[in-house]
Amino acid sequence: MKAKKFLAAMMAAVLAVTPVTVSAGNVTPTDAPGSGDEIKIDGDNVYVDTLVYKVTLPTSTGLNFNLDPQGVYGYFSNPDGVTNTSPKKEDLSSFAGKIVGVGAHNIKNQSSVPVAVTCDYKLETDASGLEIMTTGTVDDSKKQVKLNIVGGTTDNAGKFTAAAGSDAYEATVGETSSKVQLVLGEADYVFKEDSGSYTYEAATTGTTETSAAVSISGQISKDADWSDLSGSSAKKLTLSCVYSFDGVKNAAPTGLTKTAEGFVTAGADKLEYLGNSAAGNTLTATYSKAQGNGAGLPVALNGFTVRSATVVSRPDVSGAVSNTFTAGDQYKIDGDNFVLRGPWISTRAVGNWVIELSDGTTTKTLTVTVTA
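Residues numbered from 1 in each chain as written. Predicted model: local features only at pLDDT ≥ 70, side-chain atom pairs only at ≥ 80, totals over all residues. Heavy atoms only, no water.

On to the sheet that holds strand β21 (residues 337–340), then. Read across the sheet, 3 strands follow the order β17-β21-β20 without closing on themselves; strand pairing throughout is antiparallel. Single-partner strands in this sheet number two, and they are β17 (297–300) and β20 (331–334). Looking at each pair of strands side by side, their axes are set apart by 25° on average, direction ignored. In terms of strand pairing, β20 meets β21 through 4 bridges, oriented antiparallel. The residue of β21 that forms the bridge with Lys332 is Val339. (Pairing = 2+ DSSP bridges. Helix = DSSP H or I, 4+ residues; strand = E, 2+ residues; numbered from the N terminus. Axes fitted to C-alpha atoms, helices over the stretch in contact; angles between N-to-C directions.)

This part takes up the confidence of the model for the chain. The predicted coordinates of low-pLDDT regions are not to be read in fine detail. Of the residues in the chain, 81% have a pLDDT of 70 or more, and the chain-wide mean is 81. When pLDDT is averaged over each element of the chain, strand β6 (residues 131–132) comes out on top at 96 and helix α1 (residues 2–17) at the bottom at 49. Below pLDDT 50 for its whole length, residues 254–262 participates in 32 contacts with residues either more than four positions away or in separate chains. A low-confidence stretch, residues 265–269 stays under pLDDT 50, and its non-local contacts, those more than four residues away or across chains, total 8 contacts. (pLDDT = per-residue confidence, 0-100. Contact = heavy atoms within 4.5 Å.)

This brings us to the nonpolar core. One finds Val117, Tyr121 and Leu239 to be the most contacted residues of the largest nonpolar core, which totals 37 residues. Where this core is concerned, the elements lending two or more residues are β2 (63–68), β5 (115–125), β7 (144–154), β9 (170–173), β10 (178–184), β13 (210–220) and β14 (237–247). Of the residues forming this core, the biggest block, 5 residues, is contributed by β5. Not counting chain neighbours up to four residues away, the residues in contact with Val117 comprise Leu57, Ile107, Val180, Gln181, Leu182, Tyr243, Ser244 and Phe245. (Core = buried A, V, L, I, M, F, W, Y, C linked by side-chain atoms within 4.5 Å. Buried < 20%, exposed > 50% of the residue type's maximum accessible area, 1.4 Å probe, protein only.)

The sheet built from 5 strands is open, its strands ordered β16-β23-β22-β18-β19 with mixed pairing. Every interior strand has two partners, whereas the edge strands, β16 (282–288) and β19 (323–324), have only one.

Unlike most non-glycine residues, Ser195 shows phi in positive territory, near 55°. With respect to the helices, strands and loops of the structure, Ser195 is situated in the loop between β11 (189–194) and β12 (197–202). Classification of Ser195 by relative accessible area gives exposed; the value is 73%.

This is the structure:
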């Protein structure tokens, strides 16, 4: 009995120290030592374009003017009221000899950057013997006019108020191009996130827009014969207005003469332009069909020479298109502006029109948003 117990104990001891042999069929072989496959990881660039343009330029409506050599209009439209409803000629003397603006052209900047709005004016007339003055005062014995663009603001009711004091500004308009610039500050913008998508949007508080307005004043000879500018077949004195804009680096550039509501009157070539995108190759503009076919759509080129223009995307056609423009038909070049002509742009479908502008080497993409 003792021998059996001893043998059992010896066998248990041997099993405890003897390694267990595992069959090779129980493991998975690996490759020989070396490197694994290359792993490439693309980083996600979380970049949001912070250059957002939203500028409201004047349309063909909103501004008019009256030639008032006798003072009739001024007397009866006197904001202080009319005390005598049957005035004599001498009662009108303080109102006579004026050009009176009616309404205003309003300009609004809701962009994320300051903008310089170029206002290009010119006077035209088919009246015989009418002299358009740009300096001095009119001679009442001659047939002369002197028309000024006046800077100011409008209230919620649309009433124009000219800037006063040191901010007052008037630009005299002649028969050749007369340009002034309005430099308007930026609106406040904020970043937004939605399910991992990031945008840069206009803030609902703070500065939501900056704005300015222009109207008309001037002089007209009191004693000249103005009968040819009256009646159904009257001759005309016409003010041509073209507005365009571009982004600038600041709202009050150093070294510029800044007057009423951002008017820049000297050294405008010192403005530091941004171009219409961070890369300078993307332009945007908005056109409202409500303004009719008489008004075209100007877009500032800032020295870029357009040699060809082609529509590559349009809202009324699915997929890519290639509609080449003809200068003088769909567009014209006016100074430093690419202008989509009124008869063409006013008949386009509502939506985004993408137009490629080329100088033969570089291409700029112009996106025009047409609204009803």
